[in-house]
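# Observations on chain architecture
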Amino acid sequence: MSATAAPTRGSIAKAINAGLRAAMERDDKVLVMGEDVGALGGVFRVTDGLQKDFGEGRVIDTPLGESGILGSAIGLGMRGFRPVVEIQFDGFVYPAYDQIVSQVAKLYHRSAGRVKVPMVIRIPFGGGIGAVEHHSESPEAQFVMTAGLKVVSCASPHDAYWMIQQAIASDDPIVFMEPKRRYWETGEIGDAADPLHVSRIVRPGSSATLLTYGPMVRTCLDAALAAEADGLDLEVIDLRTLSPLDLGPVLESVRRTGRAVVVHEASRTLGLGAEIAARVQEECFYSLEAPVLRVTGYDLPYPPSRAEEEFLPDLDRVLEAVDRSLAF
Amino acid sequence: MSTPVPSPPPVQLLTPDGRRTDHADYAFAGDDESIRALYRDLVLVRRIDTEGTALQRHGELGLWAPCLGQEAAQVGSGRALSSQDFAFPTYREHGVAWCRGIDPVKLLGLFRGVELGGWDPEAERFGLYSIVIGAQTLHAVGYAMGIGLEGAVGHGVPDRDEAVLAYFGDGATSQGDVNEAFIWAASFQAPVVFFCQNNQWAISVPLERQTKVPLAQRAQGFGFPGVRVDGNDVLAVHAVTTEALRRARAGEGPMFVEAVTYRMGAHTTSDDPSRYRDPAQTEEWRQRDPLARVEAYLRSTGTAESFFADLEHEAEQLGEHLRAACKALPEPDLADLFDLVHHETTPELAAQREEYRAYRAGFETEGVAR
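Just so you know, these numbers come straight off a predicted model, no measurement behind them. (Residues numbered from 1 in each chain as written. Chains lettered and ligands numbered in written order. Predicted model: local features only at pLDDT ≥ 70, side-chain atom pairs only at ≥ 80, totals over all residues. Heavy atoms only, no water.)

## Remarks on a negative patch on the surface
Residue and element names in this part refer to chain A. Formally: Residues with no salt bridge and a relative accessible area higher than 30% make up the patches, which join like charges within 9 Å and nonpolar side chains (Val, Leu, Ile, Met, Phe, Trp, Tyr) within 5 Å. Only the protein chains shown count as cover for residues, and the accessible areas themselves come from Shrake-Rupley with a 1.4 Å probe. Definition used for salt bridges: Asp or Glu carboxyl oxygen within 4 Å of a side-chain nitrogen of Lys or Arg. Note on charges: Lys and Arg go in the positive column, Asp and Glu in the negative column, and His and the chain ends are not counted at all. Here the site of a charge means atom NZ of a Lys, CZ of an Arg, CG of an Asp or CD of a Glu. Where helices and strands are cited, they refer to DSSP runs of H or I of at least four residues and of E of at least two residues respectively, numbered from the N terminus. Classification of residues uses two cut-offs on accessible area relative to the type maximum, computed with a 1.4 Å probe and protein chains only: under 20% is buried, over 50% is exposed, and between them is partly exposed.
A grouping of Glu 309, Glu 310, Asp 314 and Asp 316 is seen on the molecular surface, where their side chains present a negatively charged patch. The residue Asp 314 is located in the loop between α10 (308–311) and α11 (315–327) in this model. Since its relative accessible area comes to 31%, Asp 314 is described here as partly exposed.

So, in structure tokens, the structure goes:
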């Protein structure tokens, strides 16, 4: 099959689709598997057209069982394949939890490095789409705290296109968190990729540092734009890699601004913000002008959708936290 | 209470008193020399297992999961594997490990706590021991799906086509993963044989709590054949598993083998069966011992006394070797583990490794013993 030309512009969903296609064209051991990923193209159409072009042997509609998807993907990985599994929604990952945390995450270690697990676990995550229960959750911290997993999250079409290919090329298992409410946002796709496990300043500034990832990158950029009217110059860092964390750019930024606010949709207690706040105070104690603050989902089960706007961090909550930081 | 569904009689080719019998569908293909080879396996596996229990009692192992009583189920199935086939064990498959050529010292190492894995699964065609009940059956099915995707089935070439043997127990049949494995295997016509050692007990819970129908009968509901075999009859287990693997390699799909056996010992060395089962039941199964019937058969057909004496000597030597080798196993070094979490390690783990090394070095420079 001749290689499809790389896209120059598109939505996050289309960019992941193009990235999957490029990875499958490059390596015939790459498989896509999950529920409804074939003829339907996935419930978000991220795998649209792949089964038509690569066949049912490489784009596999599985029976309906998340543990079965993950467990059989482990065996396929041991056989030399590179499975990219789709968990249809964040809240459906838990039936596969044992296979992910006890099997996928530990196999390389238990085998003393003899068994590689080159698997990508794609999870559309987060709220803001008015969905029913179990369709809007942010479980990333549970995978970040699991030794043996790497976790990344894309926030732009450019990163979506390149990061999915880098994750597939990795010989380690990677949980790939996709910001589902941003699937349809469009943007440029450049031809130069950053390494997978680096954080990046997406908006330079000097007043305070916003640290975020996934769907909240857009929210923080909007907040930074709004803050300009008040004469504030906010720096925004897209963490991109949640495990391992790449805190080099974060620490450098906080040493300059003296103030950090972590923003994520996931609940507060032991969310990414807790780890980041701990590490920032360990490394930047004498540079801090204020405590590291967190703007997060509350420690609630995800609420009914008509209350989710109140639950999710938004522009106003981010700016309120920035004000508290500046007033400290 | 519903009436339990009656169990069909298991396939048997060697009676408990050592007489060969015929079966309409299955026959043991080997001669007495091959039966002597199987008997040697049974005796040596029992010795490995006995040593494991003894080493735990002497404080050399943290735990041991005995396979006492299940030797025929494990050796019969393990010896049915072709070299290119792949087996996925639980944590009790010491007899299968033996058949696959795994050094038994590696098994002792797992239970002593010096490592978590021990061998290269791909090279040995034998997965790592699996402790979360049933999880490995899905790995077996995935591996078998891979064989199917590569087209390594159905050529009719005995040393080319491949199959997978998935081990689990009666308790595991209640796990979701095992049921998903059945569904996946049927749906993808995967070349996998599900080998259930029904040893009657899931720690303290009897078979009756796991199922109201004979386990082998469940296979029909998933869309593939199931067969019951006398799990204490090494010839019958070998014959049935050989046929199931042949089917799988030929591309005819999965099959379920229920080896009806009995866990003669405790679940593990931490368990106390006297709290939950009647010694009379254990005694009843002792009359169906998997080794005694093969010995009776071989003696009745003229195997020389020297064979048994030599084997006893070999078992003694193996026992001595295992005791010495177990105590000589090198201790693990925590500092080595940081680089084995990921194929490409992370700066965070590298930093924690150095933090630990520096902490430990601090004791050495101060002259304080670790």
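So that's the structure; there's more coming.
## Description of the domain arrangement of chain A
Residue and element names in this part refer to chain A. Rule in force here: By convention here, the domain bounds are inherited from an automatic or database domain assignment. Only heavy atoms enter the contact rule, under which two residues are in contact if any of them lie within 4.5 Å. Throughout, buried area stands for the accessible area (probe radius 1.4 Å) lost by two parts on being put together, summed over both.
Domain assignment breaks chain A into domain 1 (9–188) and domain 2 (200–327). Relative to domain 2, the C-alpha centre of domain 1 lies at a distance of 26 Å. Between domain 1 and domain 2, the residue contacts involve 27 residues of the former and 23 residues of the latter. Buried surface at the junction of domain 1 and domain 2, summed over both partners, amounts to about 1,900 Å²; 53% is from carbon and sulfur atoms. In this structure, the connection of domain 1 to domain 2 is made through four salt bridges.

## Regarding the pairing of strand β10 (residues 208–212) of chain A
The side chains of a regular strand alternate, first on one face of the sheet and then on the other. Residues and elements named next belong to chain A. To keep it simple, the criterion reads: A pair of strands is labelled paired if DSSP reports no fewer than 2 bridges between them. Looking down the strands as they point away from you, a crossover is right-handed if its path from the first strand over the helix to the second goes clockwise.
With five of five residues buried, β10 lies mostly within the body of the structure. Side chains Ala 208, Leu 210 and Thr 212 project from β10 onto one buried face, and the interleaved Thr 209 and Leu 211 project onto a second face that is buried too. With five bridges joining them, β10 and strand β11 (residues 234–238) adopt parallel strand pairing. Its bridge partner lying in β11, Leu 210 is registered against Val 236. Crossover handedness for the path β10 to helix α7 (residues 216–228) to β11: right-handed. The pairing of β10 with strand β13 (residues 260–267) spans four bridges and is classified as parallel. Bridged to Leu 211 within β13 is Val 262.

## Focus on the packing of aromatic side chains
The geometry of an aromatic ring pair comes down to the distance between the two centres and the angle between the two planes. Where we set the bar: Classification of ring pairs rests on two measures: the distance between centres of Phe, Tyr or Trp rings, Trp counted by its six-membered ring, which must be within 6.5 Å, and the angle between planes, read as stacked under 30 degrees, edge-to-face over 60 and tilted in between.
The tally for this structure, following the rule as stated, stands at 34 aromatic pairs over all chains. Pairing Tyr97(A) with Phe143(A) gives two aromatic rings, centres 6.1 Å apart and planes at 50°, and the pair type is tilted. In this pair, Tyr97(A) sits in helix α4 (residues 97–110) while Phe143(A) sits in helix α5 (residues 140–144), placing the two residues 46 residues apart along the sequence. The exposure class of Tyr97(A) is partly exposed, given its relative accessible area of 28%. Since its relative accessible area comes to 0%, Phe143(A) is described here as buried. Aromatic rings pair up to connect Phe168(B), Phe182(B), Phe194(B), Phe222(B), Phe224(B) and Phe256(B) into one cluster.

## So, the packing of helix α3 (residues 66–78) of chain A against α4(A)
Residue and element names in this part refer to chain A. Operational definition: Every axis in this analysis is a line fitted to C-alpha atoms, fitted for helices over the stretch in contact. Angles between the N-to-C directions lie between 0 and 180 degrees. Orientation categories follow fixed angle ranges, with anything under 35 degrees roughly parallel, anything over 145 roughly antiparallel, 65 to 115 roughly perpendicular, and all other angles oblique. By definition, any crossing whose near helix is turned counterclockwise from its far helix by less than a right angle is left-handed, and any crossing with a clockwise turn is right-handed. Put simply, Ala, Val, Leu, Ile, Met, Phe, Trp, Tyr, Cys and Pro go in the nonpolar bin, Asp, Glu, Lys and Arg in the charged bin, and everything else, Gly too, in the polar bin.
Between α3 and α4, the shortest axis-to-axis distance is 10 Å and the interhelical angle comes to 10°. With respect to α4, the element α3 is oriented roughly parallel. Here α3 and α4 pass one another in a crossing that is left-handed. In this structure, α3 uses Ser 67, Leu 70, Gly 71, Ile 74 and Met 78 to contact α4, whose residues at the interface are Gln 99, Ile 100, Gln 103, Val 104 and Leu 107. When the residues that make up the contact of α3 with α4 are grouped by side-chain class, the tally is six nonpolar, four polar and no charged.

## A word on helix α12 (residues 290–300) of chain B
Residues and elements named next belong to chain B. Cut-off, in case you're wondering: Regarding the arc, it is the one traced by the directions from the helix axis to the C-beta atoms. Here a polar contact is taken to be a pair of N or O atoms separated by no more than 3.5 Å, where protein atoms must pair a possible hydrogen donor with a possible acceptor and residues adjacent in sequence count only if both atoms sit in side chains.
When α12 is considered as a whole, its buried residues turn out to be Pro 290, Leu 291, Arg 293, Val 294, Tyr 297 and Leu 298. Projected onto a plane normal to the axis of α12, the buried residues spread over an arc of 165° and lie on a single side. Check the buried side of α12 and you find it contacts α1 (32–57), α2 (71–78), β6 (226–230), α10 (234–249) and α13 (305–327). Between the side-chain oxygen at the start of α12 and the backbone nitrogen of Leu 291 there is a gap of 3.0 Å, and the oxygen is on Asp 289. Phi turns positive one or two residues past the end of α12, at Gly 302, with a value near 95°.

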